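# Coordinate analysis (summary)
Spelled out, the chains give:
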Amino acid sequence: MSRLTPKIDFHVHPVIIEEALSGDRRLEETVREVYHIGTAVQPLDALAKMLRVAGIDKAVLLSIDTPRGCLPPNDSLAAIIRENRMFIGFAGINPTKGDESIDELENLISQGFRGVKLYPPLQGFRPGDKRLYGFYERVQQLNVPILFHTGVSWIKNVKLGECHPLEVEKVVTSFPALKVVLAHMGFPWVWEAAMMAVKYENVYLDLSGVFMGTPKEHISYVLTKLLTPGFVSRFLADKILFGSDWPRIEPFKMVEAVKSIPMEKHVFDKIMGLNAVKLLGLGEV
Amino acid sequence: MKIYTKPVYVISEAPTHLVNITGEVYKALRESGVKSGLVHVYTTHTTTGLTINEDEPGLEQDIPLFLSKLVPEEGEYFHHHYYAKDGRLAVNAWAHIRASLMGNHLTIPVDDGKLIMGSRQKIYLVELDGPQRRRIVIQVIGE
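Sequence order as written defines the numbering, with residues in each chain counted from 1. All chains are assigned letters beginning at A, and all ligands numbers beginning at 1, according to the order in which they are written. For a predicted model such as this one, the threshold for reporting local features is a pLDDT of at least 70, and the threshold for listing and counting side-chain atom pairs is 80 or more; totals across whole chains, interfaces and linings nevertheless cover every residue. Only hydrogens and water are set aside when side-chain values are computed; all heavy atoms of the structure are taken into account.

Turning next to the overall build of chain A. The secondary structure listing takes helices from DSSP runs of H or I that are at least 4 residues long and strands from runs of E that are at least 2 residues long, numbered from the N terminus. Scanning chain A from N- to C-terminus turns up 13 helices and ten strands. On C-alpha atoms alone, chain A measures out to a radius of gyration of 17 Å, which is about the 19 Å that the 2.2 N^0.38 rule sets for 285 residues. Overall, the C-alpha framework of chain A stretches about 45 × 40 × 40 Å when taken along its three principal axes. Each residue's exposure class comes from its accessible area (1.4 Å probe, protein chains only) as a fraction of the maximum for that residue type: buried when under 20%, exposed when over 50%, partly exposed otherwise. Looking at chain A as a whole, 64% of its 285 residues are labelled buried. Where the 33 positive side-chain charges of chain A centre and where its 33 negative ones centre are 4 Å apart. The atom set for the radius of gyration is the C-alpha atoms, and the globule formula is 2.2 Å times the number of residues raised to the power 0.38. For this count, His and the chain ends are skipped, Lys and Arg are scored as positive, and Asp and Glu as negative. Where a charge lies is defined by one atom per residue type: Lys uses NZ, Arg uses CZ, Asp uses CG and Glu uses CD.

This is the structure we're talking about:
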């Protein structure tokens, strides 16, 4: 099954993974303070089992360079992706540091990271700030995607208004070849995010997170009520990437939710993995 | 009187999974050196249960299947809302309710350094929202 239709979870935060925290209790406390995550620390093996149970072949593990440091640290994430073919790393970088940010980017990509995760309102910048253009330029040259947080944030000091997907539009129009993923379908600004993906060739959406009910309720609402199945099929089939947002929701529950939506098989296959394979330039999964 | 406490960690393999932990309980009993007393087995989670039953593969499927019919995932649950304590939406009321039905502890008498159990009886952790790493505490009390 997985050989025919690869499944990729594009949005996993390994912030309560034992190996990513390297047994550092203070780091775990920091994670809980920044992300407000109450669930127990799990070994990487348990995450791998969660993904396998969901039928997922690979997962993108995200770090974010928060004001309290990289969560989880890029170093421990680099070790995980080096030793486990199941995982793909997106680096946490603060892009506001000019050449230092660019050096860090180059170094992390050379270590095997396949993209960058940015969370502008948490990291203290606006995506369209021209001071970041040197960084975007280099990311575009390196041909790796940036996953921008957009939509609802559960982080207490993050303002929702700064999470609007149209915040990213200036970046997209200034760097048309830059591959950009808007997280969480921009929920609740789903139409705005969707039209960004329709209009701009290199803008993608990830399906991760649940914000208004159970996974089945949320995914059904987004893909069949807010948007329509016909619109998803004709306009967004090549642009949506499956994601869970673990540990805020379990991958298995999200996969079951997507499966519960009436959808043509080729659309399902693209959303569940083929789009991510293409975007990340993965060969055999 | 001796009290020996041992945490045991298991990683469940599926969303619902009966994990046979009899061997772990026997191991803790041996380590304790207790010959006569009680073994108390306790799960520290709210979406797992503990039970003693027969280690027959059909039953290992029937028990979670019956629980899922009794407490279906689809339904109106008050628990399903934004849960600030966990920084996420709560979406698993059914797992909590199933766990309550199973119970979270077991007590088994010990005599002559052995658990007093029937030949068909085995001790199970019942995973109801896995896979996850789970912590069980085994406490042996006696002499």
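Picking up where we left off.
What follows covers the sheet that holds strand 5 (residues 87–92) of chain A. Residues and elements named next belong to chain A. Taken together, the eight strands give an open sheet; going across it, the order is 1-2-5-6-7-8-9-10, and neighbouring strands pair in parallel fashion. With one partner strand each, in any of the chains shown, strand 1 (8–12) and strand 10 (240–241) form the two edges of the open sheet. Direction of pairing for strand 9 (residues 203–206) relative to strand 10: parallel, over a ladder of two bridges. Each residue of the ladder has a partner; that of leucine 205, found in strand 10, is isoleucine 240. In this description, strands pair whenever DSSP reports at least two bridges between them.

Turning our attention to the interface of chain A and chain B. Here a residue-residue contact requires only that any non-hydrogen atoms of the pair lie within 4.5 Å. Listed by partner, the interface residues are 27 residues for chain A and 21 residues for chain B. The term buried area means the drop in 1.4 Å probe accessible area that two parts suffer when joined, counted for both and summed. Here chain A packs against chain B, burying approximately 2000 Å² in sum over the two surfaces, 56% of which is carbon and sulfur. For the chain A face of the interface with chain B, the top three residues by lost area are Lys49, Trp154 and Lys253 of chain A, together amounting to 25%. Basic side-chain nitrogens of Lys or Arg form a salt bridge, by our definition, when they fall within 4 Å of a carboxyl oxygen of Asp or Glu. Our count for the contact surface shared by chain A and chain B stands at five salt bridges. For the salt bridge of lysine 49 of chain A with glutamate 13 of chain B, the shortest nitrogen-to-oxygen distance reads 3.1 Å. Distance and chemistry together define a polar contact, namely a pair of N or O atoms within 3.5 Å, with one atom able to donate a hydrogen and the other to accept it when in protein, and with adjacent residues in sequence counting only for side-chain atoms on both sides. Taken together, chain A and chain B are joined by eleven residue pairs in polar contact (both at pLDDT 80 or more). Every element with two or more residues in the side of chain A that touches chain B is listed here: helix 3 (44–53), helix 10 (215–226) and helix 12 (251–259) of chain A. Broken down by element, the residue count for the side of chain A that touches chain B peaks at five residues, all from helix 3 of chain A. For the side of chain A that touches chain B, the class distribution of residues is 14 nonpolar, six polar and seven charged. The residue classification treats Ala, Val, Leu, Ile, Met, Phe, Trp, Tyr, Cys and Pro as nonpolar and Asp, Glu, Lys and Arg as charged. All others, Gly included, are polar.

A word on the side chain of serine 153 of chain A. Residue and element names in this part refer to chain A. Assignment of secondary structure puts serine 153 in the loop between strand 7 (146–148) and helix 8 (169–174). Classification of serine 153 by relative accessible area gives buried; the value is 8%. Polar side-chain contacts of serine 153 include one of 2.5 Å to the side chain of tyrosine 119.

What follows concerns the sheet that holds strand 9 (residues 121–127) of chain B. Residue and element names in this part refer to chain B. Pairing within the open sheet is antiparallel, and its three strands lie in the order 2-9-4. A strand with exactly one partner marks an edge of an open sheet, and here the two such strands are strand 2 (17–20) and strand 4 (48–54). Taking each pair of neighbouring strands and ignoring which way they run, the sheet shows an average axis angle of 35 degrees. In this structure, strand 4 lies alongside strand 9, joined through seven bridges in antiparallel fashion. Considered in strand 9, the bridge of glycine 49 is made with valine 126. For every element, the axis is a line fit to its C-alpha atoms; helices are fit only across the contacting stretch, and the angle between N-to-C directions ranges from 0 to 180 degrees.

What follows covers the packing of helix 10 of chain A against helix 12 of chain A. Residue and element names in this part refer to chain A. Axis separation between helix 10 and helix 12 bottoms out at 8 Å; the angle between their running directions is 45 degrees. Taken together, helix 10 and helix 12 sit at an angle that is classed as oblique. Handedness of the helix 10/helix 12 crossing: right-handed. Residue-level contacts link Pro215, Lys216 and Ile219 of helix 10 to Lys253, Met254, Glu256, Ala257 and Val258 of helix 12. For the contact of helix 10 with helix 12, the per-class residue count stands at five nonpolar, no polar and three charged. To sort the angles, those under 35 degrees are grouped as roughly parallel, those over 145 as roughly antiparallel, those from 65 to 115 as roughly perpendicular, and the leftovers as oblique. If you view the pair so one helix is near and one far, a crossing is left-handed when the near helix is turned anticlockwise from the far one by less than a right angle, and right-handed when it is turned clockwise.

Ring pairs (aromatic) are described by centroid distance and by the angle formed between their planes. All names here are of chain A. In this scheme Phe, Tyr and Trp rings, the latter by its six-membered ring, pair at centre separations within 6.5 Å, and the angle between planes marks the pair as stacked below 30 degrees, edge-to-face above 60, and tilted otherwise. Enumeration over the complete set of coordinates arrives at eleven aromatic pairs over all chains. Ring centres of tyrosine 133 and phenylalanine 175 lie 5.0 Å apart, and the angle between their planes is 75 degrees; this geometry places the pair in the edge-to-face category. Of this pair, tyrosine 133 sits in helix 7 (residues 133–142) while phenylalanine 175 sits in the loop between helix 8 and strand 8 (180–182), and the two are 42 residues apart along the sequence. The same class applies to tyrosine 133 and to phenylalanine 175, which are both buried. For the ring pair tyrosine 136 and phenylalanine 148, a centre distance of 6.3 Å and an interplane angle of 55 degrees mean the geometry is tilted.

For the rest of this paragraph, the subject is the pattern of salt bridges. Within this structure, the stated rule accounts for 21 salt bridges over all chains. Of the charged contacts in the structure, one is a salt bridge between glutamate 167 of chain A and arginine 126 of chain A, with a shortest N-O distance of 2.7 Å. Placement of the pair is glutamate 167 of chain A in the loop between strand 7 and helix 8 and arginine 126 of chain A in the loop between helix 6 (120–123) and helix 7, with a sequence separation of 41 residues. A relative accessible area of 42% places arginine 126 of chain A in the partly exposed class. Residue glutamate 127 of chain B is joined to arginine 134 of chain B by a salt bridge in which the shortest nitrogen-to-oxygen separation is 2.8 Å. Among the charged side chains, a network of salt bridges with common partners joins Glu250 and Lys253 of chain A together with Arg88 and Asp129 of chain B.

Turning our attention to unusual backbone geometry. A cis amide bond links leucine 71 of chain A with the next residue in sequence, proline 72 of chain A, at an omega value of -10 degrees. Note on placement: proline 72 of chain A falls in the loop between strand 4 (69–71) and helix 4 (74–83). With an omega of -5 degrees, the peptide bond running from glycine 130 of chain B to proline 131 of chain B counts as cis. For proline 131 of chain B, the position within the fold is in the loop between strand 9 and strand 10 (133–142). For aspartate 245 of chain A, which is not glycine, the phi dihedral falls at a positive 90 degrees. Positionally, aspartate 245 of chain A belongs in the loop between strand 10 and helix 12. Phi at aspartate 112 of chain B takes a positive value of approximately 55 degrees, unusual for a residue other than glycine.

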